[in-house]
Amino acid sequence: MAPETLFISDLHLSAAKPAPVSRLLRFLNDRAGRAERLYILGDLFDAYIGDDDDSAPNRNVKHALNRLSRAGTAVFFQHGNRDFLVGSGFCRQTGATLLDDYAVIDLYGRPALVTHGDLLCTDDVQYQTARERVRSSEWKRQALAKPLWMRQLYARWYRFKSGWDKGGKTAEIMDANPEAVRSAMERFGIDLLIHGHTHRPAVHDLLVNGRSAKRIVLAEWTDSQGQVLCCRSDGTVETEWLD
Ligand code: MN
């Protein structure tokens, strides 16, 4: 079998939904071990309030990631909008490497751009403004300085509020903006983009700098299935569905 690189995104793991958690643990303990690299493109957790939170399912997930990376699969992680507080402690505990919000990776000779996807949703001005605020190192420092119980309460409030805010927005506003997509790909000179976040799995053909390009959007993990994108060194790209 040709060497392969796997991508997953938007698992939104939480104690309230056991199915995606056990699916991921099965995946990490078996299927992922046959891959050379695993990229987690953000929103692995539905809420993440700091590396010191070892409540379920974080503890088991970190343990399985650690075992995977120790066994030789390189694990890479990008922040999603739900788990941007993943920090150096997580990386130490799991052996994962934290990537920038935009990262160019080498897919067996073909460069690809990976990102969570929220930065591409430029029509959602309210979200982008809030994002800028909470991603500052000062905001993060202050948030993480609060006791764990207070962060837990805040996370519950945030989840409620996030559902509330989404209710008032059209689907178009929360999708990736085509101009933002093109300009990101042009900026990095890349003709393959892989991202998640929008929960609209698709393969889009587009033109970047006059050349044909592809944008692969990964699916969120639901109670019934989870998507894994597999890119092999022989150039094949395949989607696998785990149940
Ligand atoms: Mn997201």
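See above for the structure.
Because the structure is predicted, anything quoted here is derived from the model rather than measured. (Residues numbered from 1 in each chain as written. Predicted model: local features only at pLDDT ≥ 70, side-chain atom pairs only at ≥ 80, totals over all residues. Heavy atoms only, no water.)

(A) Highlighting the overall build of the chain. Of regular secondary structure, the chain possesses 7 helices and 11 strands. Taken against the 2.2 N^0.38 rule, which gives 18 Å for 243 residues, the C-alpha radius of gyration of the chain at 17 Å falls within 12% of a compact globule. Seen through its principal axes, the chain has C-alpha atoms that stretch 50 × 40 × 35 Å. The proportion of buried residues among the 243 residues of the chain is 50%. A separation threshold of at least 6 residues defines the contact pool for the chain, and within that pool the share at least 24 residues apart is 67%. Accessible surface, the chain as shown: approximately 11900 Å² in total, 54% of it carbon and sulfur. Between the averaged position of the 32 positive side-chain charges in the chain and that of its 32 negative side-chain charges there is a distance of 5 Å. (Helix = DSSP H or I, 4+ residues; strand = E, 2+ residues; numbered from the N terminus. Rg over C-alpha atoms; globule rule 2.2 N^0.38 Å. Buried < 20%, exposed > 50% of the residue type's maximum accessible area, 1.4 Å probe, protein only. Contact = heavy atoms within 4.5 Å. Areas by Shrake-Rupley, 256 points an atom, 1.4 Å probe, with all protein chains shown as cover. Lys, Arg positive; Asp, Glu negative; His and termini not counted. Charge placed at Lys NZ, Arg CZ, Asp CG, Glu CD.)

(B) Looking closely at helix α7 (residues 178-188). Listing the buried residues of α7 in full gives A180, V181, A184 and M185. When α7 is viewed along its axis, its buried side chains cluster within an angular range of 130° and face the same direction. Exposed residues pointing more than 90 degrees away from the buried face of α7 are listed as P178 and R187. For α7, the secondary structure elements touched by its buried residues are β6 (110-115), β7 (192-195), β8 (202-208) and β9 (211-217). The distance from a side-chain oxygen at the start of α7 to the backbone nitrogen of E179 is 2.7 Å, and the residue carrying that oxygen is N177. Where α7 ends, the next residue or the one after it, G189, has phi of about 60°, a positive value. (Arc of directions from axis to C-beta. Polar contact = N/O pair within 3.5 Å; in protein donor to acceptor, adjacent residues only side chain to side chain.)

(C) Focus on the coordination of the manganese ion. Taken together, D43 (OD), N81 (OD1), H116 (NE2) and H197 (ND1) make up the full set of protein donors to the manganese ion, lying 2.1 to 2.3 Å away. Along the chain, the residues donating to the manganese ion are arranged with the sequence spacing D-x37-N-x34-H-x80-H. Of this pair, D43 sits in the loop between β2 (37-40) and α2 (58-70) while H116 sits in the loop between β6 and α4 (125-134), and the two are 73 residues apart along the sequence. Assessed through its relative accessible area of 1%, D43 is described here as buried. Among the residues examined, H116 registers a relative accessible area of 2% and is labelled buried. (Donors = N, O, S within 2.8 Å, 3.2 Å for Na, K, Ca; no water.)

(D) View of a nonpolar patch on the surface. Residues Y154, W157, Y158 and F160 make up a contiguous nonpolar surface patch of about 450 Å² in total accessible area. Looking at the secondary structure, you find Y158 in helix α6 (residues 148-167). Residue Y158 is classed as partly exposed on the basis of its relative accessible area of 33%. (Patch = residues over 30% accessible without salt bridge, like charges linked within 9 Å, V, L, I, M, F, W, Y side chains within 5 Å. Salt bridge = Lys/Arg side-chain N within 4 Å of Asp/Glu carboxyl O.)

(E) Up close: the environment of G50. Position of G50 among the secondary structure elements: in the loop between β2 and α2. Since its relative accessible area comes to 0%, G50 is described here as buried. Between the C-alpha atom of G50 and that of P3, which follows or precedes it by 47 residues, the distance is 34 Å. Beyond its immediate sequence surroundings of up to four residues, G50 is in contact with L85, L144 and R151.

(F) Quick peek at the environment of N209. If you trace the backbone, N209 turns up in the loop between β8 and β9. We classify N209 as exposed; its relative accessible area is 52%.

All we've got here are geometric facts, nothing functional implied.
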